[in-house]
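For reference, the chains in residue letters:
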Amino acid sequence: MSLVEPAPLVGAGIDRVDGALKAAGAAAYPSDVNVPGQVHAALVQSTVASGRIRSLDTLAAEAAPGVLRVITHRGMPRLPDGPMTALGASPPAPLQDDRVLHHGQHVAMVVAETPEEAVAAARLVEVEYEPGDAVTRLDDPRARLVENPWGLDSDRGSVAEALDTADVKVSATYTTPDNTNNPLGLFATVAVWEGDKLTVHDTTQWPSMARATFAKVFGLPESSVRVLAPYVGGAFGNGLRVWPHVILTVLAARMVKRPVKIVLTRPQMFCSIGHRPSSIQHVTLGADRSGALVAVEHRATSSVAMEDDDYEPVAASSAVSYACANVLTRDVQARLNIPDPTSMRAPAEGQGNFALESALDELAFALKTDPLELRLRNYAEIHPGNGLPWTSKALRECYRAGAERFGWSRRDPEPRSMRDGDWLVGYGMAGVSYPWYAQPCNARATVNRDGSAFVRSAATDIGTGTYTVMTQVSADALGIPLARVRFDLGDSDMPVSPQAGGSGLTGALATAVRDACERVVQQVLDLVGEDGESPLRGCSPEDVVVADGRLHRRGRPDQGESYADILGRHGKEELTADGASSPADPSTLGMAPAGAFGAKFVEVRVDADLGIIRVARVVSAIDGGRILNEKTARSQIIGGTVGGIGQALFEETATDSGTGRIANATLGDYLVPVNADVGDMDVVFVGEPDRATPIGTKGVGEVGLVGIAAAIANAVHHATGKRVRSLPITLDDLL
C-alpha cells in the first residue's frame, strides 16, 4: 500500500521526542518507581565460587528492625525455570537447593520496611560454606566443554588440504576477556500483587518475554501479568533476560503481601545480570600469492556458567565474511564457576571479528599487500554459505567512502614509519558485518476524532531512539504532523513486540507500525466509501495521499478532507487497527537476508617512550539500509564506537582465579572510556533500502562496535610494529 508521495524517511533526522522529558528529569526509570505500601529487598550473596551451604543462620536478621521476611532455599517453593525464548533458555530458578555455583550468587533475600533496614539486616545473615573446587579460568583443563552448542559449526571444502598447498599462511591465537555491560541506570524491580494479578516495573529490554516468564514461573495466565518499562537507563544486552533477583522480588511480594522494590548496587550488577564472556580463539588463514583466501579456520572457546546457557557463536560469522571455498569454524563453550554470561552489545561478533580481522591484517603484512586491497580481493559478492544474492550489500561502498574520508591513501605501509613528534602514528582498518535478525512484531494505531494519533507496541527504548523513530514512521504513514502523533511503548499489555536487541527491533517494529497505520487509513476510506458528502468516496489506498492531517485524491489536493472531519461526520471517536510484521523467508525471497555492513578506519597515536595509546580519530562507513533518522542512527554508531574503544583499550572484568571474586566491580576500578579517551568521530551512511522488508531498514545498534577493537589493534601494529593479540591493549604491552 503506497499512501504518501515519496516518503521522507531518510534525512538529517529530528531531535528525540523524549529528549525534553529526560533532560528535565521527568522520565520515570524503574528505579524511580514507587508505589503505596511498598517495602524493600536486599540480597545476600555467596562468598565462595563453588560448594554447598553448610549452615545458614537468619535469626539475627529476622529480629532486626523493620524486617518482614528472610527468604532462603529452606522452605523455598519449587519454581520452574522460565520459558525458552528467541534468544535461548531462561536462567535457572533461584534458591532451589543449597549449591553454590559462582561467587556472588544469591543465597538469601531480606525484605524490610526501608532499603536501609533491608541492607542492614542482610549483613546479619550468617552463612557457612563447604567449599568446592572452583573452575574459573577458561584454559583450566578441568572445565567441562560443550561442543557445537548451537549447531552452527561449519565445514566447507577441505581446509586441511588447502592449507597444505597455500602459498602464505598465518596462524595465531587471540584472547578477549570478560567485559561487563555497566549501563548507567542501576537495575531495579518493583513487584505488585493484587490478588492473582501481577504488575512488575522492571529494567527489561523485552516486556513481552518478561510477561511470559512470570506467567510460567508463577503459574498465571499471561493476561494476569503486566510488565512496565517505559524508560530504561541503558542495558546493552543484560536486559534481555528475567534474572534471579527479579524472580525473587516477585516471590517476596507474594509472600509478604505488599509491593516489593529492589535496586541492585553497582557491585551486584557485576554478578547478577550477565556479562560478555571471555574467549580464546585460534585463527589460521591460507592464501595464494595474489592474496586470494584459499582456507579459513577459526576455532573459538568461550566461557559459560555451570548450569546456564548463552548464545554466543564467536567463530560462526567467519564462515560467511569472505569469499573462500574452504572454511572450518568451531565453537566450544567451557563451563566455569562464574556468573551467567549474556549478550553484550555486538555479542559474539565483538569477539570473533577482533580475531578474524586481526588475522587478515597479519596476512596482509605477510603478503606485503594493502589491508584494504586484501579485503576487496576476497569480497563476498554472494552469501558464501548458501550461494544466494544478498538482499542488500554496500560493503564495497563502505570501503571506498570510509577510505576516502579517512585519507587511507596517505598511509605508509611500513610499521613505525609515520610519526608526529614523540607520537608514533598508526592507521588500521577492519571490515565488519552484523548478522540479520528478525522476529514477528505487532503494533496498534488509533486516529482520534480531534485528528491526533496514538500508536503503540510493547517494545522498549533503551536509549536507541525508538520513541522518536517510530513517531516519525507513524506520522509519515498517517500523514499527520509529528506533534500530533504519540507513540508509546514499554507495556506488555500493548501488542507483542520482540526485544530491543540483536539489531532487529527497528525493522520489525517499523514494518508493523506502518502496517497498522495503513490499516487505519483503509478503515477511513471504508468509512467514506459510500459517503456522498466525501470527495474521497470510492477511493482505494492507491488513489489517495495522506499529508497535513488529511487525505486527498492523488494529484488533486483540493479534493480531500481531514481525519477530524471524517470521524466527526460519522460520529466516531476513533478508529483503531492492528498491524504486524513477520521475518522474511529466504526461500521465498530467493535472497540471503543481510544485516548491516561497515568499514572502520582508525588513527592511533602511541607515545614512543611510554607506550601510551590515544585514539585520535575514527571513521565508520555503514550500510544500514534505509536510515529512518540519521541523527539517532549516527548516535548509535558513535555510541558503539565508544564501546569498541572500551573493549580495545580499557575494559576487563578481573576475576580472582582462586576465589572467583570479581576484583574490580565498581566504576572506579572497571575502566571505561571517558570524553578525553574519544577522538574525532566521523560517520557516513551508504547503501540502499534493504529488500528483505517493506521498510528497507537494517539495524545499526550493534555494528557500531564491531571492528573497532581489530582496527585499533591493527593501527597499533602499524604504529609500533608490535602485534598485540589479547584485549585490552595496555601500555605495558608496548613497552
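Residues numbered from 1 in each chain as written. Predicted model: local features only at pLDDT ≥ 70, side-chain atom pairs only at ≥ 80, totals over all residues. Heavy atoms only, no water.

Asker: Account for the overall build of the protein, with residues named and values stated.
Answerer: On a plain count of helices and strands, the protein comes out with 16 helices and 28 strands. A compact globule built from 735 residues should have a C-alpha radius of gyration of about 27 Å, and the protein, at 27 Å, falls within 12% of that. In terms of principal-axis extent, the alpha carbons of the protein reach across some 80 × 70 × 50 Å. The long-range fraction of contacts in the protein, counting pairs at least 24 apart against all pairs at least 6 apart in sequence, stands at 80%. Accessible surface, the protein as shown: approximately 27,500 Å² in total, 50% of it carbon and sulfur. For the protein, the centre of its 68 positive side-chain charges and the centre of its 90 negative side-chain charges are spaced 1 Å apart. (Helix = DSSP H or I, 4+ residues; strand = E, 2+ residues; numbered from the N terminus. Rg over C-alpha atoms; globule rule 2.2 N^0.38 Å. Contact = heavy atoms within 4.5 Å. Areas by Shrake-Rupley, 256 points an atom, 1.4 Å probe, with all protein chains shown as cover. Lys, Arg positive; Asp, Glu negative; His and termini not counted. Charge placed at Lys NZ, Arg CZ, Asp CG, Glu CD.)

Asker: Go over the packing of aromatic side chains, please, and point to the residues and values.
Answerer: Tallied over the full model, the rule gives eleven aromatic pairs. On the numbers, 6.3 Å between centres and 45° between planes, the contact of Phe406 with Trp408 is tilted. In this structure Phe406 comes out as buried when scored by relative accessible area, which is 0%. On the numbers, 5.6 Å between centres and 65° between planes, the contact of Trp408 with Phe601 is edge-to-face. (Phe/Tyr/Trp six-rings, centres within 6.5 Å; stacked < 30°, edge-to-face > 60°. Buried < 20%, exposed > 50% of the residue type's maximum accessible area, 1.4 Å probe, protein only.)

Asker: Please provide a residue-by-residue account of the pattern of salt bridges, values included.
Answerer: When their charged atoms lie close together, side chains carrying opposite charge are able to pair. One pass over the full model with this rule turns up 37 salt bridges. Residue Asp15 is joined to Lys631 by a salt bridge in which the shortest nitrogen-to-oxygen separation is 2.6 Å. A residue pair is termed long-range when its members are at least 10 positions apart, and Asp15 in the segment before helix H1 (19–23) and Lys631 in helix H15 (residues 630–649) qualify at 616 residues. Across the pair Asp488 and Arg486 runs a salt bridge whose closest N-O atoms are separated by 2.8 Å. Connected through shared salt-bridge partners, Asp420, Glu603, Arg605 and Arg617 make up one network. (Salt bridge = Lys/Arg side-chain N within 4 Å of Asp/Glu carboxyl O.)

Asker: Can you tell me about empty space enclosed by the protein, naming the residues and giving the values?
Answerer: Once rolled over the atoms, a probe with the size of a water molecule shows which space is left empty. Under the defined criterion, the tally for this structure stands at two cavities of 30 Å³ or more. Computed from the structure, the largest cavity encloses a volume of approximately 60 Å³. Forming the boundary of the largest cavity are 13 residues, of which Gly82, Pro91, Ala93, Val217 and Ile247 lie nearest the centre. Classifying every residue of the lining of the largest cavity by side-chain character gives nine nonpolar, three polar and one charged. Taken as a whole, the second largest cavity holds about 50 Å³ of empty space. Surrounding the second largest cavity, Asp178, Thr180, Phe270, His275, Ile338, Pro339, Thr653, Thr655 and Ile662 form its lining. The residue makeup of the lining of the second largest cavity, split by class, is four nonpolar, four polar and one charged. (1 Å grid on protein atoms, 1.4 Å probe; cavity = no way out; pocket = protein on both sides within 12 Å on 5 of 7 lines; lining within 4 Å. Points joined across faces, edges and corners; volume = space filled by probe spheres on them. Nonpolar A, V, L, I, M, F, W, Y, C, P; charged D, E, K, R; others polar.)

Asker: Please set out the sheet that holds strand E27 (residues 613–623) residue by residue, giving values where relevant.
Answerer: In space, the five strands of this open sheet follow the order E17-E18-E26-E27-E28, with mixed pairing throughout. Each end of this open sheet is capped by a strand with a single partner; those strands are strand E17 (419–420) and strand E28 (680–686). As judged from the ten bridges shared by strand E26 (residues 597–607) and E27, these two strands associate in the antiparallel manner. Looking across to E27, one finds that Arg605 is bridged to Arg614. (Pairing = 2+ DSSP bridges.)

Asker: So, the nonpolar core: which residues are in play, and what are the values?
Answerer: Core analysis: the largest hydrophobic core is formed by 71 residues, its most contacted members being Leu285, Leu363 and Ile712. With nine residues, the single largest contributor to this core is helix H16 (residues 708–720). Not counting chain neighbours up to four residues away, the residues in contact with Leu285 comprise Leu163, Val168, Lys169, Val170, Leu293, Ala295, Val296, Leu356, Ala359, Leu360 and Leu363. Phe487, Leu509, Val546 and Leu628 belong to the second-largest nonpolar core, a separate cluster that totals 46 residues. (Core = buried A, V, L, I, M, F, W, Y, C linked by side-chain atoms within 4.5 Å.)

Shape descriptors only; they carry no functional weight alone.
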